[in-house]
Amino acid sequence: MNTTRVLMWIVLISSLAGVAAAAPIRGSSRRAKPASSKVVDNSQRIDINNVSMVVTNTGSFAYDKSTGNSGLEFPKGTGKTAVFAAGLWVGATVGGQTRVAVSEYSDDYAPGQAVGGLADDFTKPEYKVYKLDRVYDDLAVRDAALADYNAGAVPHGAPPVTVQGDGSLDILGDQMLWAVYNDRNLTPPRHTNRAGDNGLPVDQRWLGLEIQQTTFAFNRQGALGNTVFIRYKIINRGPNQLDNMYVSQWSDPDLGGATDDLVGCDPSLGLGYIYNASNADEQYGGQPPAVGYDFFKGPTVGATTLGMTSFNKYINGTDPNTATKSYNYMKGLDANGNVVINPVTGLPTTYQVSGDPVTGSGWLDSNPADRRLMLSSGPFSMAPGTALGAVDSQEVVAAIVVGQSKNRLASISLMKFYDTFAQAAFDVDFNLPSPPQSPNVVATPRHASVFLSWDTVAENYSEDPYQFEGYVVYQGASIAGPFVRIATFDKVNGITNVIDNDFNEDQGLILPIGKAFGSDVGLRHSIEIDQDYVRGGPLYDGQRYYYAVTAYAVDVNSFPKVLESAFEVIPVVPQTPPAGTNLATATVSAIVQGQIVPNPNPTTDAVTVTTLDPATVIDASWYIGFKPAGPASTQIVWYLVRTVGTQVDTVINNWPNFSGDENYPVVNGIQVKIVSYPPGHLARAAYVDTAGGSPAALAGYDGAGLPFWDGGAGYAADLFGSSIASGTPGPNVQVRFTGGPAGQKAYRYLRCNCSPRTYLIQDYVDVPFTVYDTDTDTQLNAAFLENGPGTIDDGVWNPDDSPNGQREIVWVMSSTYTGVADPNYFNDPALKDVLGGNIDFWYAMWPYRVSATAVIDAGDKFLFTTSIPSTENDYFTFTTTAANKGDVAAAKSEMSRIQAVPNPYFSHSTYETNQFHRILKFTHLPERCTLRIFNLAGDKVRTLEKNDATSQLTWDLETDQGLPVGSGIYIFHVDAPGFGTHVGKVAVFMEKERLNNF
């Protein structure tokens with residue numbers, strides 16, 4: 001197009017804009033921008049669930065006025081759009097005159113109130129769109145948003161909002177937007193949109209309405225996760241009686257591609273909707289969604305609440321260009337005021353295309369095109385306002401509901417199901433149990449894997465009768481799914497698989513469907529993933545994967561039985577750490593035990609700190625403390641305090657777990673576990689070398705399966721049986737080694753190589769140790785085992801360096817040592833065989849010698865220590881050190897691996913999501929570097945700066961001037977301050993047919 005033609009088009013469009021909003025210009029997704037100059041807040045979106053929708057302060061929604069593009073994205077994060085524009089239309093008669101206010105591509109409304117019939121200054125900054133979330137991670141952000149809302153919105157009619165006891169805000173839904181606007185403002189003139197033009201002077205076009213709009217949505221799965229609600233409080237601030245009044249939801253949907261849309265309505269549901277004409281949409285491909293518009297609550301006339309009373313459609317180019325035509329549509333007539341006849345029944349109707357596309361019955365839309373639709377409710381009347389402020393008002397609640405299933409017709413069925421569910425939720429004033437809050441997830445990319453960890457916020461859930469049950473980890477095929485379940489971590493309580501009724505998309509029926517898939521594995525807060533659960537095979541560096549962790553609650557006697565939180569999807573790209581990062585230097589110091597007031601009874605609780613995610617470990621000091629669970633509670637819980645510089649935070653609080661299982665939070669890459677036992681129960685078992693620092697001679701045999709000493713020590717009842725039950729409170733015991741000489745005598749048993757197996761008593765012999773109950777300073781009897789013939793069954797306790805030490809097990813007995821054998825052990829048949837489980841063995845230790853030359857020194861001890869649980873007087877401390885990110889040797893080694901991928905680049909790469917988005921990556925880079933790309937002539941093509949915690953950088957195959965590069969060989973130079981430089985080359989072929997030129 002030459003310059004003259006461009007200028008001519010600019011003049012033409014400018015002249016039209018001064019008169020009215022033009023119909024959209026086709027051929028692209030762009031439309032004519034709003035003509036008026038009023039202050040429009042286009043900055044806010046309702047985006048808490050699967051829908052992301054622009055909301056303004058002038059009655060328009062789902063229309064991005066700043067760009068003139070579609071304003072409703074579904075699913076959120078995909079860039080796909082299901083609605084181009086929508087808005088509130090209102091029509092009435094005033095003294096026989098038809099007056100209509102519309103919100104279309106330009107709006108007849110201006111921001112602000114119209115108290116007393118006079119429009120307030122629409123430029124006031126408080127007349128913006130306010131946005132509040134129910135739950136905030138950052139309380140300072142919450143308080144700032146609430147203070148702004150209370151100061152600017154509440155004085156102008158917004159519902160008051162307060163902080164609840166759990167820290168959440170008592171808003172409608174999980175996210176709420178609020179704005180106020182009116183059609184009374186005359187400066188600059190309103191009502192210039194041709195759809196509201198009644199041909200009269202401007203001061204005879206307005207209705208005198210003030211609209212207080214509350215837009216809200218819920219962050220859930222299912223119906224509410226695909227629905228946005230809009231509540232209009234319509235107030236007649238003007239001096240005129242408004243008769244035969246209608247309120248309408250108008251929309252220009254553009255479902256994906258704009259030219260292949262059909263519309264329909266379901267009068268029984270009060271629903272108008274848009275659906276695709278085929279399973280080949282421009283944006284959504286074979287799975288186009290359906291979008292419904294519903295009046296969940298229409299105007300009230302006497303005791304009757306109206307629903308949808310008409311549904312009309314038209315196509316681009318036949319838009320109503322007068323108020324009369326718009327008003328006729330509201331009444332259910334055609335644009336010229338004629339009664340609409342249903343071509344299938346031959347009867348008059350106010351509902352166009354009211355058939356069922358799923359069954360193919362009734363009056364159906366045909367000839368797909370760029371559709372507009374309008375569903376209306378009325379008639380009703382509104383009395384005029386007065387100078388004293390008395391006003392007539394109506395509350396209308398509408399909604400947008402989106403369903404996406406396996407094809408276009410299944411999407412209609414799902415959308416209608418969602419609409420029915422959302423209507424039922426509205427009818428009970430959303431008095432529905434909420435699911436747990438989604439956990440906050442930290443995702444760390446690793447080489448060929450991903451590490452996910454999440455917090456415990458969901459476990460504070462309280463929604464009787466539902467109880468928090470567990471977490472589910474998913475991988476998505478895209479940011480919008482579909483999702484594959486990777487793992488479920490649930491409480492050990494007998495609740496596993498839960499079947500519940502839900503919508504079956506294949507059959508369009510409510511059928512039993514699995515909704516929870518637990519296995520009583522216990523709760524966890526982290527997982528490492530190295531498999532692609534969507535496509536199969538391993539994870540690959542450089543590829544983008546999508547993950548989500550949800551929380552769910554269960555009550556098997558309710559409907560629904562399972563409440564699961566919404567998907568909060570996290571994209572992750574597996575990759576090596578940035579060059580120069582040495583993860584092995586992320587360390588945890590030794591744990592130091594202490595007491596606030598020193599006394600001789602410190603806790604025996606065992607604390608371990610494990611580095612699970614070294615990439616997120618920080619430089620910090622840590623303090624573990626203990627306190628009662630409540631003012632009158634005897635239960636002890638623990639907390640973890642983190643200190644970074646002068647910043648002190650309690651990062652784990654009131655944690656009750658002392659079991660040592662996997663149910664412990666992960667904070668800054670570390671997991672703190674505390675293991676405690678009831679008072680008097682065995683809590684520790686350990687070999688203590690006290691002979692001057694020589695290495696411990698004995699270690700525990702892990703095959704014994706006991707809880708202490710690497711599996712080699714514990715209650716005797718847990719090994720081969722005992723007359724003393726496991727967990728019975730017992731004494732603190734020391735086995736004191738002599739270094740060789742006899743210490744005391746012990747009963748010797750022999751494991752025979754026979755069938756059935758026996759462990760029979762043999763004799764009473766000297767052993768190189770003594771056994772003492774240190775609580776009462778009482779010497780105790782002992783016993784030991786030797787293996788059968790062919791081993792070292794020599795009558796001497798002397799474990800060797802074989803993996804099981806030749807089974808030279810030592811048992812501590814409960815009877816007092818006298819030095820004289822008790823004949824009952826030899827004569828009583830019930831006591832002759834260890835395997836009978838009748839001998840009074842307290843504890844067992846199964847050792848092996850760490851080497852053939854290891855010496856058990858005189859003075860060495862083996863300690864069986866019973867539990868002293870932690871009290872408020874006990875504490876533990878440790879420090880963590882972050883990984884070194886400035887390791888020059890590691891950086892140079894990694895930078896030698898820098899490469900471009902793919903190389904060569906042939907027309908596209910697997911990183912690209914569409915034909916317009918070109919991606920070539922550079923890998924193994926440090927956190928900070930400059931990458932310069934040159935052609936073979938030495939001309940610089942592009943400079944890329946990197947300053948982030950990844951090891952990759954993306955080139956969009958454009959020059960510094962934003963132009964696409966040509967095919968050829970390119971040289972890239974990486975400059976990493978402090979680490980060095982690297983030079984490489986990459987071949988680029990922009991089109992396959994150009995290969996013949998090389």
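Rules and cut-offs
- Residues numbered from 1 in each chain as written.
- Predicted model: local features only at pLDDT ≥ 70, side-chain atom pairs only at ≥ 80, totals over all residues.
- Heavy atoms only, no water.
- Helix = DSSP H or I, 4+ residues; strand = E, 2+ residues; numbered from the N terminus.
- Buried < 20%, exposed > 50% of the residue type's maximum accessible area, 1.4 Å probe, protein only.
- Areas by Shrake-Rupley, 256 points an atom, 1.4 Å probe, with all protein chains shown as cover.
- Core = buried A, V, L, I, M, F, W, Y, C linked by side-chain atoms within 4.5 Å.
- Contact = heavy atoms within 4.5 Å.
- pLDDT = per-residue confidence, 0-100.
- Phe/Tyr/Trp six-rings, centres within 6.5 Å; stacked < 30°, edge-to-face > 60°.
- Lys NZ or Arg CZ within 6 Å of the ring centre and 35° of its normal.
- Expected span 1.5 Å × (residues − 1).
- Polar contact = N/O pair within 3.5 Å; in protein donor to acceptor, adjacent residues only side chain to side chain.

Below, the discussion takes up the overall build of the chain. Of the regular secondary structure elements, the chain holds seven helices and 64 strands. Dimensions of the chain, computed from the C-alpha atoms along their principal axes, are close to 120 × 80 × 55 Å. Taking all 998 residues of the chain together, the buried fraction comes to 50%. Within the structure as shown, the chain displays about 41200 Å² of accessible surface, and the carbon and sulfur contribution to it stands at 52%.

Ranked by size, the top nonpolar core spans 55 residues in total, and within it Met53 and Tyr232 carry the most contacts. Of all the elements, strand β8 (residues 85–94) adds the most residues to this core, at five residues. Setting aside residues up to four positions removed in sequence, tyrosine 232 forms contacts with Phe61, Leu88, Tyr181, Ile211, Gln212, Gln213, Gln249, Gln394, Glu395, Val396 and Ala398. Counting residues in hydrophobic clusters, the runner-up holds 38 residues, among them Leu132, Ala158, Leu271 and Ala290.

Moving on, we get to the environment of leucine 414. Tracing the backbone through its elements, the reader meets leucine 414 in helix α4 (residues 408–427). The exposure class assigned to leucine 414 is buried, which follows from its relative accessible area of 4%. On a C-alpha basis, the gap between leucine 414 and alanine 882 in space is 50 Å, while along the polypeptide they are 468 residues apart. Setting aside anything within four residues of it in sequence, one finds leucine 414 in contact with Gly403, Gln404, Ser405, Phe503 and Glu505.

Attention now goes to the environment of phenylalanine 426. Among the secondary structure elements, phenylalanine 426 is positioned in helix α4. Judged by its relative accessible area of 17%, phenylalanine 426 is buried. A sequence separation of 29 residues divides phenylalanine 426 from valine 397, and the C-alpha atoms of the two residues are 9.3 Å apart. With sequence-adjacent residues up to four places away left out, phenylalanine 426 is seen in contact with Phe296, Lys297 and Val397.

It is worth spelling out unusual backbone geometry at this point. In the segment running from glycine 481 into proline 482, the intervening peptide bond is cis, with an omega of 0°. Considering the arrangement of structural elements, one finds proline 482 in the loop between β28 (467–476) and β29 (483–490). Here the phi dihedral of aspartate 429 falls at roughly 60°; this positive angle occurs in a residue that is not glycine. Its place among the elements puts aspartate 429 in the loop between α4 and β26 (441–446). A positive phi angle, near 55°, is found at aspartate 777, a position not held by glycine. Tracing the chain through its elements places aspartate 777 in the loop between β50 (769–773) and β51 (778–786).

This part covers the confidence of the model for the chain. On average, the chain scores 91 in pLDDT, and the residues at 70 or more come to 94%. Below a pLDDT of 50 lies the segment residues 1–37, which in the model reaches 56 contacts outside its immediate sequence neighbourhood of four places, other chains included. Between residues 993–998, whose pLDDT stays under 50, and residues either more than four places distant or in other chains, the model counts six contacts.

Attention shifts here to the environment of phenylalanine 864. Take phenylalanine 864: it is sitting in strand β55 (residues 861–866). Residues phenylalanine 864 and glycine 285, 579 residues apart in the sequence, show an inter-C-alpha distance of 68 Å.

Right, let's get into the packing of aromatic side chains. By convention here, two paired aromatic rings are described through the distance between centres and the angle between planes. Within the structure shown, the criterion is met by 55 aromatic pairs. Measuring from centroid to centroid gives 4.8 Å for tyrosine 474 and phenylalanine 567, while their planes differ by 80°, and the two rings are edge-to-face. Of this pair, tyrosine 474 sits in strand β28 while phenylalanine 567 sits in the loop between β34 (562–564) and β35 (570–572); the two residues are 93 residues apart in sequence, bridging distant segments of the chain. Taken together, the ring pairs in this structure connect Phe216, Phe218, Phe229, Phe296, Phe426 and Phe430 into an aromatic cluster. Sitting over the face of the ring of tryptophan 206, arginine 184 holds its NZ or CZ atom 3.6 Å from the ring centroid. Across the ring face of tyrosine 911, the terminal group of lysine 921 is positioned such that the distance to the ring centre comes to 4.6 Å.

A few words now on α4. For α4, with 20 residues, the first-to-last C-alpha span of 29 Å sits near the 28 Å given by 1.5 Å per residue. The opening residue of α4, the one whose side-chain oxygen lies 3.1 Å from the backbone nitrogen of leucine 409, is asparagine 407.

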